[in-house]
Amino acid sequence: MTATPPDWSALRADFPILDQKVHGQPLIYFDNAATSQKPRAVIDALVRYYERDNANVHRGIHELSNRATAAYEGARARTARFINARSADEIVFTRGTTEGINLVANSWGAKNLKAGDVILLTEMEHHSNLVPWQLLAQRTGAKLAYVPVTGDEGLLDLSRLDSLLTEQVKLFAMVHISNSMGTVNPVAEMCARARKRGVATLVDGAQSAGHLPVDVQAIGCDFFVFSSHKICGPTGIGVLWGRQELLDAMPPYQGGGEMILTVEYQQTEFKKAPHRFEAGTPDISGPVGLHAAMDYLDAIGRENIFRHDQELAHYTYERLVALNGIRLFGPKQHRAGLVSFLLQDVHAHDVVTLADQAGVALRGGHHCTQPLMHRLGVESTARASFYFYNTRDEVDRFVEVVKEIQKFFQT
Ligand code: C6P
């Protein structure tokens, strides 16, 4: 816990990219759920790595290779602390959330699922936590079932959970924070209910890891995945955490260099986890930048970040709900730092295009949650998503822009 509240405006100054104009207007970056911006500390760590330490890892016995290896493995240990894993051996570096889920589906899923088994998901999953399971179901003959969403307020109907957790369910995969509606799901409770029935659990932490304190042991899941680029780190690197005993029992996902102990022409003996899941030369600068991002976020305190983003989202919600001709999605309570909306008779893409002309970066579309959009009876929404460097003044300007867009389409 940080004793004094963070100086948010000083922190904002750590992000060089925010200090610019777009279409002649000061940039207001409200597309943080897609990717966050990077502070100077992360950019500097990347430059330092390439200027001083760059080499391949785990192979050389020369100084630079030793330094690169120490940086790479140091980032793994730092990641374990970031999510309170029991050991760095439970941390697998991936390309991102998407690859982490595909790894579990292809390795754990292929080993443990058979025809007739059920994979339980929720109706608010991102395509990343849906399509890999569909592919696995097609291969194995397993089926998919879904915990329903209640409607525009975007909550899960957990009164249905126990009856959905049938004997056939082998895995329950759920999103921690919905990228389309901002819902914060009670994942610890959901995992506990699954565990009672012997069901393995995976939590998609793409929208949560950098926004609130994450403790995988307290959540009680079996797998947790997230992406560096959404938490102030570089793109192209992400994390799969898995319980040691599960990872150790899982077959490799990809074959190649680095993941082997011995290779003969007919057979191979593999390293233990996590190395058996990291075939080939990995992204090395990625973990270096991610390490700097995790240090940066934890110096602020993720409980502070969550409070800040939640306050901004509530403020935005209250200001938008006061307008006529607007439909808002997601819960009033248990909302993370994003607001999804639709203006009457205006396509979400038009909102985003006009907002861009005013310097405001939003996202419009199905947000890679097409089934959820269909469930809500819409094709798309416009979304403003916040991070700790965003301000109330920016929200005020954004609301003015929304009003101008409404006026534009009324005339
Ligand atoms: N959501 C958004 O604008 P990757 O692309 O692997 O880093 O993350 C995928 C992903 C998985 N789960 C959730 C809940 C997500 O929000 C995302 C990425 C971005 O909402 C891009 S669609």
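Residues numbered from 1 in each chain as written. Predicted model: local features only at pLDDT ≥ 70, side-chain atom pairs only at ≥ 80, totals over all residues. Heavy atoms only, no water.

**Description of the site of the ligand**
Next up, step 1: Lining the immediate surroundings of the ligand are 17 residues, of which T98, D204, Q207, S227 and R363 lie closest.
Next up, step 2: Separating a nitrogen atom of the ligand from a side-chain N or O atom of H126 is a distance of 3.4 Å.
Next up, step 3: Within the side chain of K230, one N or O atom sits 3.1 Å away from a nitrogen atom of the ligand.
Next up, step 4: Relative to its unbound accessible area of 520 Å², the ligand is 87% covered by the protein chains.
Next up, step 5: Mapped onto the domain boundaries, the shell around the ligand takes at least three residues apiece from domain 1 (8-30 + 301-410) and domain 2 (43-298). (Near = heavy atom within 4 Å. Polar contact = N/O pair within 3.5 Å; in protein donor to acceptor, adjacent residues only side chain to side chain. Areas by Shrake-Rupley, 256 points an atom, 1.4 Å probe, with all protein chains shown as cover. Domains from an automatic or database assignment.)

**Let's talk about the packing of helix α4 (residues 97-112) against helix α5 (residues 131-140)**
Next up, step 1: For the pair α4 and α5, the least separation of the axes is 9 Å and the interaxial angle reads 25°. When the interaxial angle is binned, α4 and α5 end up roughly parallel. Handedness of the crossing formed by α4 with α5: right-handed. The residues of α5 that touch α4, namely those facing I101, N102, V104, A105, N106, G109 and A110, are P132, W133, L136 and R139. (Axes fitted to C-alpha atoms, helices over the stretch in contact; angles between N-to-C directions. Helix = DSSP H or I, 4+ residues; strand = E, 2+ residues; numbered from the N terminus. Parallel < 35°, antiparallel > 145°, perpendicular 65-115°, else oblique. Left-handed = near helix turned anticlockwise from the far one by under 90°. Contact = heavy atoms within 4.5 Å.)

**Considerations on the pattern of salt bridges**
Next up, step 1: A full pass over the atoms with the stated rule returns 24 salt bridges.
Next up, step 2: Among the salt bridges present, the one from E63 reaches R67, with a minimum N-O distance of 2.9 Å. Placement of both E63 and R67 in helix α3 (residues 63-82) is noted, with a separation of four residues, approximately one turn of the helix.
Next up, step 3: Three or more residues are tied together by salt bridges with common partners; here these are R52, D53, E63 and R67. (Salt bridge = Lys/Arg side-chain N within 4 Å of Asp/Glu carboxyl O.)

**What to know about the domain arrangement of the protein chain**
Next up, step 1: We note that the domain assignment places domain 1 (8-30 + 301-410) and domain 2 (43-298) within the protein chain.
Next up, step 2: Both faces considered, domain 1 and domain 2 share a buried interface measuring about 2800 Å² in area, 56% of it formed by carbon and sulfur atoms.
Next up, step 3: Sorting the residues of domain 1 by area buried against domain 2 places R302, L372 and Y387 first, and these three jointly supply 26% of that buried surface.
Next up, step 4: In this assembly, domain 1 and domain 2 are joined by three salt bridges.
Next up, step 5: Across the pair R302 and D298 runs a salt bridge, and its minimum N-O distance is 3.1 Å.
Next up, step 6: There are 23 residue pairs in polar contact (both at pLDDT 80 or more) connecting domain 1 and domain 2.
Next up, step 7: Elements with a minimum of two residues in the side of domain 1 that touches domain 2: α11 (302-321), β13 (326-329), β14 (338-343) and α13 (370-376). (Buried area = accessible area lost by both parts, 1.4 Å probe.)

**Here we look at empty space enclosed by the protein**
Next up, step 1: Per the stated rule, a full pass over the model turns up two cavities of 30 Å³ or more.
Next up, step 2: Looking at the largest cavity, its volume works out to about 100 Å³.
Next up, step 3: Along its surface, the largest cavity is lined by N32, A33, I177, Q207, H211, F306, D309, A336, G337, L338, S385 and F386.
Next up, step 4: Its residues placed into classes, the lining of the largest cavity shows six nonpolar, five polar and one charged.
Next up, step 5: By volume, the second largest cavity is sized at about 50 Å³.
Next up, step 6: Taken together, H58, Y72, E258, H275, E278, G280 and P282 form the lining of the second largest cavity.
Next up, step 7: Its residues assigned to classes, the lining of the second largest cavity comprises two nonpolar, three polar and two charged. (1 Å grid on protein atoms, 1.4 Å probe; cavity = no way out; pocket = protein on both sides within 12 Å on 5 of 7 lines; lining within 4 Å. Points joined across faces, edges and corners; volume = space filled by probe spheres on them. Nonpolar A, V, L, I, M, F, W, Y, C, P; charged D, E, K, R; others polar.)

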